[in-house]
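Survey of secondary and tertiary structure
If you want the building blocks of each chain, they are given just below.
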Amino acid sequence: MGKRIMAGLTAAALVAGACSSGNDDVSQPNPAEPAVTTAAPQAESADTTAPEGEPVDAAPADDEPAASPPVEELVVVEPDFEVHPGVEQITITGARPGELIVAVDGNASEPSTTEMLDGDVVDAYGSRVFRDLDSDVDYRLVTETGATDTYDVLARDEHPQPAFFAEQRLELNREDNTGFDYVETRDGTTLGAYIVLPGPVEDGPYPTVVEYSGYAPSDPGQGLGFPTLFTSLGYAYVGVNVRGTGCSGGSFRYFEYAQSTDGYDVIETVAAQPWVQGNDVGMVGISYPGISQLFVAQTRPPSLSAITPVSVLDDSTLATLYPGGILNTGFALTWTQERVDSARPSIAPDGTPTDEGQGWTIDEIDAGDDECAANQRVREQNPDLIAEVFDTPFYEPEVGDDLAPWRFVDQIEVPTFLAGAWQDEQTGGRFPTMLDRFTGTDHLYVSMLNGLHTESISPAVLPRLVEFLDLYVARRTPNLDALRGVGPVLAAGIYGTDQIGDIPNRFTDLSYEDALAAFEAEPSVQILFEQGAADGFDPLTPLPRFVESFESWPIPTVEPTVWHLGSDGALSDAPEQVDGRAEYLALPDGVPATFWDGNSSDLWRTDVVWDWQEPAPGTFADFRTDPLAETVTMIGSASADLWVNSNLGDTDLEVTLTEIRADGNEVMVQSGWLRGSHRALDDEASTELRPVHRHLEVDAAPLPDPEDPGASGDDAPFVLARVEIFPFAHVFRAGSQVRLMVDAPGGNRAVWAFDTIADGERVQIATGPTFPSQLVLPVVPGIEPPATYPDCNSLKGQPCRVPR
């Protein structure tokens, strides 16, 4: 049974990676009224959700129909297709394939073809989705025969009446306390939901958690993963697929706002079930379903009690997809393609299977689930996400802002437990930069540590997460006896070891109120050091060597500390007195693109063997301190402030921070990236320790050519490019050297690769008083770590090698 549990959990953990425009409920004078009424009598009733990004344009056939005539020339007609107004979008189903339909402003005094929006033909399934509509506009749909009455497009904060949710009932099989059913959202879209109770309905109600993503949380045949984990802890589990995935209806687009308001509807519908304790629920999930929690919580569902987003990101574009403005063609692009493929329709227009999408949906359809089959018929309206990625090499606020959680986490008001790893090989580890923006809740609890994607559910973190759920969702004194039982099974399946250390029951002698007070009295930010090197355990066992706690992030006592770069490769706390320069050739083939070509989940195991290679001589600039006189602990973001030029007018910079230990081994600490032409800063947001770049096309500027600096429009031979080094926590012990390497991107992230412009250009880095390149690091005094080094290759996510 244990292996089945782990298979599900491992699948759930494989992932990556909306600006709120108001979250208050609309006036609800009569709770018995329909959720939403539309302007047109034939429209569906209920509320919807809004997307973001570019409209979807299905390519018309060669015999493209003629453009529809102006609206003023058309009579009002009843549509012969179904119309589903939603949040900033309208979905059409049951239309004639190939028919031309356009959406126009229905309130214009004399609407004309020049005012018509995004017209295109209906797809082979009879569907069409109009996205990015203005909720302040009533729209008419214009066909070749006339124009419909107007439809009211919903605003983001236009939520259904409570009765809309209370009337929905999710059916259960009383023989095994499970069920598969559908949640209806405000625009009539139905989302597949898999329900598992920890016991018979009559023994409830139960504290309940929801997992929500585009993976397969609603697959009733998923095995015993997260459903078994949480039911073993006494929670009812509900897994829901986002629109356009699995058996859920609608069209899929990465975190369009419709998914957020759908999540609102899911929370309210699940909370209204009679088997839910207290009629409120929490959310769980790692990575994709962790990130989803942030997007849903910003909408403030009244029945959401707490969230536990782990292994998440702060910005979909700049943290993972385009770090430093450089496209991540490794994990980020691969994950995006997988989402595109898994959201393909599982049936063809004639109803026959396609062998696409999520395979389990065909089993559901074959078993007679007509709703699952019908819900496949809007999938051809999914936008081409890969094309969108390549179409936006610069940051576009109208697209990226809605996809950046750091911009809206201030809207989250519920208690939040967040965890993640600095060296996360998938989402990237930049998430801590948004922690100080959680200003809407007084209950933010964070655990951060070195390691990889699943460190956030390791034995080092999971006990605190379960305590949090017990206190804020179940509202009971935490008891970790069940976790002690399932913990070795979890660890064996994910990490290849059943060693989980001691899991203390810290609160069992306290009342619930006293346990809650004790938990809340503890410092909210927990930093776990040297995960994988716990004394008395095998190397890479997912347990830390020591733990420090703090009241907030950034660490209040952090001291930005400057080391100056020297032309001789020195890294000194004293400024350089003589101008100089370091030089290298930017050759991306100087090292392998990544240092792992196997299954990403194998990286999490205790038997992983790294192949972390040093770049070829001449392909990087190298700076090292003298051996440190005393141990230095660093926690936070860092900045490599480099004065650079390039003989080709641009380059991609990768900076890597390492520790060369007194025993002759070198340990990877953290990295950062920047395309030189993207160096323009958001001065207001930037700090001494963290440069924040705008990445706007209007700001793009070439680097000076050392042989002809005036060619770039700048007479200076160098320009300042501040490279953000992602957050980290690391102990540099006395006798070690701090090392900074600068080269073309690649070779320092396990499963990241880069679409780099580096092409053998000569890059120079200035040193000295005229152009003082420097490294600014986050030193935190007052910490007393163990005196001895951890074993080489024992630190999770931090490979070890012998330097040249």
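Throughout, a residue's number is its position along its own chain's written sequence, starting from 1. Owing to the predicted nature of the model, reporting of local features is limited to residues with pLDDT of at least 70; listing and counting of side-chain atom pairs is limited to 80 or more, with chain, interface and lining totals taken over all residues. In computing side-chain properties, one takes all heavy atoms of the structure into account and sets aside hydrogens as well as water.

1. Description of helix 14 (residues 512–521)
When a residue's accessible area, from a 1.4 Å probe over protein chains only, is under 20% of the maximum for its type it is buried; when over 50% it is exposed; and in between it is partly exposed. Segments assigned H or I by DSSP are reported as helices when at least four residues long, segments assigned E as strands when at least two residues long, and all are numbered from the N terminus. Among all positions in helix 14, only Ala515, Leu516 and Phe519 are buried. Buried residues of helix 14, seen end-on, are gathered within an arc of 100 degrees and therefore sit on one face of the element. Relative to its buried face, helix 14 has exposed residues pointing more than 90 degrees away, namely Glu513 and Ala521. Throughout, the arc means the angular range of directions from the helix axis out to the C-beta atoms.

2. Remarks on the state of the cysteines
The bond known as a disulfide is covalent and runs between the sulfur atoms of two cysteines. Put simply, a disulfide is two cysteine sulfurs that come within 2.5 Å. Evaluated as defined, the whole model comprises two disulfides. A sulfur-sulfur distance of 2.0 Å marks the disulfide that ties Cys247 to Cys372. What sets the handedness of the Cys247 and Cys372 disulfide is the S-S torsion sign, and at about -75 degrees it is left-handed. Of the two residues, Cys247 is situated in the loop between strand 11 (236–241) and helix 4 (257–271) and Cys372 in helix 9 (residues 370–374); the sequence distance between them amounts to 125 residues. Judged on exposure class, the residue Cys247 and its partner Cys372 are both buried. Numbered by position along the chain, the disulfide-linked cysteines of the protein chain connect as 1-2, 3-4.

3. Considering the pairing of strand 25 (residues 719–732)
By the criterion of burial, strand 25 is predominantly enclosed, with 13 of the 14 residues buried. Taken together, the 12 bridges between strand 22 (residues 632–646) and strand 25 define a ladder with antiparallel strand orientation. When the sheet's bridge partners are listed, Val632 is paired in strand 25 with Phe732. Paired strands, in this sense, are two strands between which DSSP finds at least two bridges.

4. Considerations on the confidence of the model for the protein chain
Per residue, pLDDT captures the predictor's confidence, and it can take any value from 0 to 100. Here the protein chain shows a mean pLDDT of 89. Residues at 70 or above account for 89%. We call two residues in contact when some of their heavy atoms are within 4.5 Å. The low-confidence segment residues 1–69, where pLDDT is below 50, has 241 contacts with residues more than four positions distant or belonging to other chains. A low-confidence stretch, residues 110–116 (pLDDT under 50), is modelled with 20 contacts involving residues beyond four sequence positions or located in other chains.

5. Some words on the packing of aromatic side chains
Two aromatic rings from Phe, Tyr or Trp, using only the six-membered ring of Trp, form a pair when their centres are within 6.5 Å; if the ring planes differ by under 30 degrees the pair is stacked, by over 60 it is edge-to-face, and anything between is tilted. Under the counting rule described, the total for this entry stands at 26 aromatic pairs. The structure contains a cluster of three or more aromatic residues connected by ring pairs, namely Tyr215, Tyr254, Phe255, Tyr288, Phe295, Trp335 and Phe408. In this structure, Arg339 is placed above the aromatic ring of Trp335, and the distance from its NZ or CZ to the ring centre is 5.0 Å. A ring is scored as having a charge over it whenever the NZ atom of a lysine or the CZ atom of an arginine sits within 6 Å of its centre and within 35 degrees of its normal.

6. With respect to helix 12 (residues 462–474)
Burial runs high along helix 12: 13 of the 13 residues are buried. Note on helix 12: the residue one or two positions beyond its end, Arg475, has a positive phi of about 55 degrees.

7. Quick word on the pattern of salt bridges
Here a salt bridge means any side-chain nitrogen of Lys or Arg lying within 4 Å of a carboxyl oxygen belonging to Asp or Glu. Following the criterion strictly, the structure yields 39 salt bridges and no others. Of the charged contacts in the structure, one is a salt bridge between Arg243 and Asp262, with a shortest N-O distance of 2.6 Å. Of this pair, Arg243 sits in the loop between strand 11 and helix 4 while Asp262 sits in helix 4, and the two are 19 residues apart along the sequence. The closest approach of N and O atoms between Asp401 and Arg407, which form a salt bridge, is 3.0 Å. For Asp401, a relative accessible area of 19% corresponds to the buried category. By relative accessible area, which is 32% here, Arg407 ends up partly exposed. Each of Glu614, Asp622, Arg624, Glu666, Arg739, Arg801 and Arg804 takes part in salt bridges that share partners, so that together they form one network.

8. A word on unusual backbone geometry
In this model, Gly204 is joined to Pro205 through a cis peptide bond whose omega is 5 degrees. Of note, Pro205 is situated in the loop between strand 9 (190–196) and strand 10 (208–213). Cis geometry marks the peptide bond from Trp553 to Pro554; its omega dihedral reads -5 degrees. By secondary structure assignment, the location of Pro554 is in the loop between strand 17 (546–550) and strand 18 (559–565). Not every positive phi belongs to a glycine, and Arg300 is a case in point at roughly 60 degrees. Assignment of secondary structure puts Arg300 in the loop between helix 5 (288–297) and strand 13 (304–307). For His695, which is not a glycine, the phi torsion comes out positive at approximately 60 degrees. In this structure, His695 sits in the loop between strand 24 (666–675) and strand 25.

9. Points about the environment of Val738
Here Val738 shows up in strand 26 (residues 737–743). The exposure class assigned to Val738 is buried, which follows from its relative accessible area of 0%. The spacing of Val738 and Pro627 is 111 residues in sequence and 8.0 Å in space, taken between C-alpha atoms. In this view, Val738 contacts Leu571, Phe623, Arg624, Thr625, Leu628, Met634, Leu657, Thr658, Phe732 and Leu777; residues no more than four positions away in its chain are not counted.

10. Considerations on the side chain of Asp123
Mapped onto the elements of the fold, Asp123 is located in the loop between strand 4 (117–121) and strand 5 (128–130). Here Asp123 sits buried without a salt bridge, and the closest side chain of opposite charge, Arg377, lies 7.6 Å off (N-O distance). By the criterion applied in these results, polar contacts are pairs of N or O atoms within 3.5 Å in which, for protein atoms, one can donate a hydrogen and the other can accept it, and in which residues neighboring in sequence qualify only through two side-chain atoms. A polar atom in the side chain of Asp123 sits 2.9 Å from the side chain of Gln381. Those residues in contact with Asp123 that lie beyond four places of it in its chain are Pro97, Gly98, Glu380 and Gln381. Under the counting rule used here, the positive set is Lys and Arg, the negative set is Asp and Glu, and His together with the chain ends is not counted.

11. Quick notes on the pairing of strand 26
In terms of residue burial, strand 26 counts as a mostly covered element, since six of its seven residues are buried. Where strand 21 (residues 620–624) meets strand 26, five bridges bridge the pair, whose relative direction is antiparallel. In the sheet register, Ala621 faces strand 26, and the bridge partner there is Val742. In this structure, strand 23 (residues 652–660) lies alongside strand 26, joined through seven bridges in antiparallel fashion. From the neighbouring strand, Glu654 faces strand 26, where its bridge partner is Asp743.

12. Concerning the side chain of Asn382
The topology assignment puts Asn382 in the loop between helix 9 and helix 10 (385–391). A residue is classified by how much of its surface remains accessible, and Asn382, at 16% relative accessible area, is buried. A polar contact of 3.0 Å, which involves the side chain of Asn382, links it to the backbone oxygen of Ala343.

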